[in-house]
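Each chain, letter by letter, is given below.
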Amino acid sequence: MTLYMKRTVFILTLLMLLPTFMSAQQKEEPLYRHEWRFGISGIPAIDALIHGRYHDHDPYYKMDIDQVYEDYGGPRRMLGLLSAEYSINRSKRFTFAVGGYVNYIWNRVNDYAGRRTGTEIGLSLHVIPTARYKYVSKPAFSAYGSIGLGAMIGCEDGEFFALPTFQIIPIGITFGRKVYGFAEYGAGFTYLGGSVGIGYRF
């Protein structure tokens, strides 16, 4: 048997064994089956879009004469998304999770003379089922990516709204064993930027 044929047989054997190896890796039992996470996330993207008042800075926006003496709102402020998540580790690599994100929104209301007359408040809730895959899975460290699709509902001064939402996290890490910290970078309708927090495995 020539050297070329030996190499060909070796490569073909590896290719045939690869699915078996991958299957064994995916079915390997995780050290902990369940997790709880609590964190705070970056810019609440869809809330910023919904509650932004673009006409305040729009040179083409025309105000009616009867609006001159109406109360007006100041800049919107947001607490940032507080999150809680429960997850089930289906294997050492794959995790299914359901997370909830809450954002509190408020702004000051002034009269035509600039005197404060009240406060407008709002609240939004995002619920997102998520699939997560670990690129690296070690007892005290992991690196992963995830994608989630869900819905959000919100209320501001008695007005309700509901929209679909999604979140993609290309890179996230955990550090620690039973009690651990995590940091993620993501983009989507739920938030833009980073997310950090703590978790508990059991």
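Just so you know, these numbers come straight off a predicted model, no measurement behind them. (Residues numbered from 1 in each chain as written. Predicted model: local features only at pLDDT ≥ 70, side-chain atom pairs only at ≥ 80, totals over all residues. Heavy atoms only, no water.)

Attention shifts here to the overall build of the protein chain. Within the protein chain one finds 2 helices and 10 strands. Sequence-ordered secondary structure for the protein chain, helices as α and strands as β, is α-β-α-β-β-β-β-β-β-β-β-β. Relative to its full complement of 202 residues, the protein chain shows a buried share of 33%. For the protein chain, the exposed area adds up to about 12700 Å²; of that, 68% sits on carbon and sulfur atoms. (Helix = DSSP H or I, 4+ residues; strand = E, 2+ residues; numbered from the N terminus. Buried < 20%, exposed > 50% of the residue type's maximum accessible area, 1.4 Å probe, protein only. Areas by Shrake-Rupley, 256 points an atom, 1.4 Å probe, with all protein chains shown as cover.)

Moving on, we come to the environment of threonine 119. Tracing the chain through its elements places threonine 119 in strand 6 (residues 116–138). Along the primary structure threonine 119 and valine 109 are separated by 10 residues, whereas in three dimensions their C-alpha atoms are 5.3 Å apart. Residues in contact with threonine 119, not counting those within four places in the same chain, are Trp106, Asn107 and Val109. (Contact = heavy atoms within 4.5 Å.)

Leu81, Tyr101, Ile128, Ile169 and Tyr191 form the largest nonpolar core, which has 5 residues in total. Leaving out residues up to four positions away in the same chain, leucine 81 has contacts with Gly39, Ile40, Ser41, Gly42, Pro44, Tyr101, Val102, Asn103, His126, Thr190 and Tyr191. (Core = buried A, V, L, I, M, F, W, Y, C linked by side-chain atoms within 4.5 Å.)

This paragraph deals with the packing of aromatic side chains. When we look at a pair of aromatic rings, we describe it by the centre distance and by the angle of the planes. All told, the structure shown has 7 aromatic pairs when counted by the stated rule. Ring centres 6.2 Å apart and planes at 65° place the aromatic pair tyrosine 133 and tyrosine 135 in the edge-to-face group. Overall, the relative accessible area of 34% leaves tyrosine 133 in the partly exposed class. With relative accessibility at 43%, the residue tyrosine 135 sits in the partly exposed group. Measuring from centroid to centroid gives 5.0 Å for phenylalanine 166 and phenylalanine 189, while their planes differ by 55°, and the two rings are tilted. With phenylalanine 166 in strand 8 (residues 159–176) and phenylalanine 189 in the loop between strand 9 (179–188) and strand 10 (192–201), this residue pair connects regions lying 23 residues apart in the sequence. The side chain of arginine 37 reaches across the aromatic face of phenylalanine 182, ending 4.6 Å from its centre. (Phe/Tyr/Trp six-rings, centres within 6.5 Å; stacked < 30°, edge-to-face > 60°. Lys NZ or Arg CZ within 6 Å of the ring centre and 35° of its normal.)

Only one face of strand 4 (residues 82–89) is covered, namely the one carrying Ser83, Glu85, Ser87 and Asn89; the face carrying Leu82, Ala84, Tyr86 and Ile88 has none of its residues buried. Where strand 1 (residues 34–43) meets strand 4, 7 bridges bridge the pair, whose relative direction is antiparallel. Within strand 4, the residue paired with glutamate 35 across the bridge is serine 87. (Pairing = 2+ DSSP bridges.)

Let us look at the side chain of serine 41. Within the secondary structure, serine 41 sits in strand 1. The exposure class assigned to serine 41 is buried, which follows from its relative accessible area of 9%. A distance of 3.2 Å separates the side chain of serine 41 from the side chain of serine 195, its partner in a polar contact. Beyond its immediate chain neighbours, meaning those up to four positions away, serine 41 contacts Leu81, Tyr101, Tyr191, Gly194 and Ser195. (Polar contact = N/O pair within 3.5 Å; in protein donor to acceptor, adjacent residues only side chain to side chain.)

For the protein chain, per-residue confidence averages 78 on the pLDDT scale, and 65% of positions sit at 70 or higher. Of all secondary-structure elements in the protein chain, the lowest mean pLDDT belongs to helix 1 (residues 3–27), at 51, while strand 4 reaches the highest, 96. (pLDDT = per-residue confidence, 0-100.)

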